[in-house]
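Chain residues, written in single-letter form:
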Amino acid sequence: MAAGVKGLRITAVSLAFRLMCGRFLLTSPVESLGRLFGFPERPNLAPRYNIAPTQSVAVVRSDPELAGHHLALLRWGLVPFWAKSRDIGARMINARAETLAEKPAFRAAFRYRRCLILADGFYEWQKREDGTKQPYVIQRRDLAPFAFAGLWESWEEKEQAATLETCSIVTTGANDVLRPVHHRMPVILEGQEACDQWLRPTSGSADLQQLLRPAAEEAWVARPVSSRVNKVTNDGAGLLDAPEDVAAEVSDEDPDGGEGSPHKAIGRSTDDPDQGSLF
DNA sequence: CCAGACGTTGTT
DNA sequence: GTCTGG
DNA sequence: CCAGACGTTGTT
DNA sequence: GTCTGG
């Protein structure tokens, strides 16, 4: 794919590449997700191109009472059960793999409440020399859905007498390809066995820790996208278009640039504002 | 003992 | 709730 | 993660 | 600069 190749070129040349997980997408039909991750629920999930912290995300849990894997919609940003307010959750969107077994906010969740957080890709922002930022989307080459290693927690809202379920995405060190440009990345559980092992209540700490490693770089592609993704209220398919200035960047680095101009996908006028239901 | 934190990323 | 710092 | 706010008193 | 909201 031309766009994918271009994305890789720019990525490799860039010096200040940053990668972690504060925004992602999930657009696959619930039937595909259910088949892939082994859950029976088939709720009406609207495609989401711009999932942000504090919003509802699709997770898979292993429920000892029901047996098997089950889909749930949880708020992104883990609120520890002892928190006085839900506000802390906005800053608990990631949990470091190296310390989650010890940190008071995460260790009980690591031991008892692990989950898969479903995605088709995630975004990251590259800081340019002029201080502006270029968003990238990172997806599998085959565009298949995948699972972040996640933790979840249950929090009792005192005033409302309600229970809020929240979650956090585990992060780890970057792989060899990404290490020169950035040092962190989200943990992705590749393959059914890794997913099952993460969810299995009887998995030991050592086995779990072994899953918390960087993804296999061959399977992944990064490519620049429109900065419209910056605004959380933009949530349409147009966010995956190439940015307007990619042509300029490419010709800066490769004046011959025989690849032709990577214009925006034609006929994609606006982001469809599929506001309405989250899922 | 009580009080207060409990988290991540990035940047300098 | 549980650990750390004072 | 980025965008956007960042404050008070009093009045209805 | 730093915090909150999405």
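In every chain, residue numbers begin from 1 and rise along the written sequence. To label them, take the chains in the order written and letter them from A, then take the ligands in the order written and number them from 1. Confidence filtering applies because this is a predicted model: local features only for residues at pLDDT of at least 70, side-chain atom pairs given and counted only at 80 or more, and all residues used for totals across whole chains, interfaces and linings. Hydrogens and waters are ignored; side-chain quantities use all the structure's heavy atoms.

1. Observations concerning the protein's contact with DNA strand E
What counts is decided by this rule: We call a residue near a molecule or strand when any one of its heavy atoms sits within 4 Å of it. Within 3.5 Å is the distance limit for a polar contact, defined as a pair of N or O atoms, with the added protein rule that one can donate a hydrogen and the other accept it, and that residues adjacent in sequence qualify only through two side-chain atoms. Each residue is assigned to one class: nonpolar for Ala, Val, Leu, Ile, Met, Phe, Trp, Tyr, Cys and Pro, charged for Asp, Glu, Lys and Arg, and polar for all the others, Gly among them.
Taken together, Arg23, Ala52, Pro53, Thr54, Gln55, Arg91 and Val232 make up all the residues around DNA strand E. Atoms of DNA strand E within 4 Å of the protein: sugar and phosphate make up 21%, bases the balance. Here a base nitrogen of DNA strand E and a backbone polar atom of Pro53 are 3.2 Å apart. A distance of 2.9 Å separates a base nitrogen of DNA strand E from a polar atom in the side chain of Thr54. Residue composition of the surface near DNA strand E, grouped by class: three nonpolar, two polar and two charged.

2. Observations concerning the packing of aromatic side chains
Spelled out, the test is: Stacked, edge-to-face and tilted labels apply to pairs of Phe, Tyr and Trp rings (six-membered ring for Trp) whose centres lie within 6.5 Å, assigned for plane angles under 30 degrees, over 60, and everything in between, in that order. Secondary structure is summarised from DSSP: a helix means a run of H or I of at least four residues, a strand means a run of E of at least two, and numbering begins at the N terminus for each. Each residue gets one of three labels from its accessible area relative to the maximum for its type: buried under 20%, exposed over 50%, partly exposed in between, using a 1.4 Å probe on protein chains only.
By the definition in use, this model includes six aromatic pairs. Centroid distance Phe24 to Trp76: 5.1 Å. Interplanar angle 65°. Geometry classified as edge-to-face. Of this pair, Phe24 sits in strand β1 (residues 24–26) while Trp76 sits in strand β4 (residues 69–76), and the two are 52 residues apart along the sequence. On the accessibility criterion, Trp76 (1% relative accessible area) is buried. Seen from their ring centres, Phe110 and Trp198 are 6.1 Å apart, and the 45° between their planes marks the pair as tilted.

3. Some points on unusual backbone geometry
The phi torsion at Thr54 lies on the positive side, around 80°, for a residue other than glycine. The class of Thr54 is partly exposed, set by a relative accessible area of 36%. Positioned with a positive phi, Leu143 is a non-glycine residue whose angle comes to about 60°. By secondary structure assignment, the location of Leu143 is in the loop between β8 (133–140) and β9 (146–157).

4. Considerations on the sheet that holds strand β2 (residues 48–51)
Just so we agree on the cut-off: In this scheme, strands are said to pair when DSSP sees at least two bridges between them. Throughout, an axis means a line fitted to C-alpha atoms (over the contacting stretch in the case of helices), and angles, computed between N-to-C directions, take values from 0 to 180 degrees.
Spatially, five strands are ordered β2-β1-β7-β8-β13 in an open sheet, and the strand pairing comes out antiparallel. At either margin of the open sheet sits one strand with a lone partner, and together these are β2 and β13 (220–224). Averaged over all neighbouring strand pairs, the angle between strand axes comes to 30°, with direction disregarded. For β8 and β13, the ladder comprises five bridges, and the chain directions are antiparallel. In the strand pairing of β13, Tyr136 is matched with Pro224.

5. Here's the deal with the pattern of salt bridges
Operational definition: For this document, the term salt bridge refers to a Lys or Arg side-chain nitrogen within 4 Å of an Asp or Glu carboxyl oxygen.
Here the structure, examined in full by the defined rule, presents nine salt bridges. Among the ionic pairs, Arg61 bridges to Glu165, the shortest N-O distance being 3.3 Å. In this pair, Arg61 is assigned in strand β3 (residues 56–62) and Glu165 in strand β10 (residues 162–173), connecting sequence segments 104 residues apart. A residue is classified by how much of its surface remains accessible, and Glu165, at 28% relative accessible area, is partly exposed. Measuring nitrogen to oxygen at the nearest pair gives 3.8 Å for the salt bridge that ties Glu98 to Arg96. Given a relative accessible area of 40%, Glu98 falls into the partly exposed group. Salt bridges sharing common partners tie together Arg96, Glu98 and Arg184.

6. Describing the state of the cysteines
Put simply, the test is: We call a pair of cysteine sulfur atoms a disulfide whenever their separation is within 2.5 Å.
This structure, assessed with the given rule, holds zero disulfides. Cys167 supplies the cysteine sulfur nearest to Cys21, a cysteine that is in no disulfide, at a spacing of 11 Å. In this model Cys195 remains outside any disulfide bridge; the closest cysteine sulfur is found in Cys115, 11 Å from its own. Cys195 sits in the buried class, given a relative accessible area of 6%.

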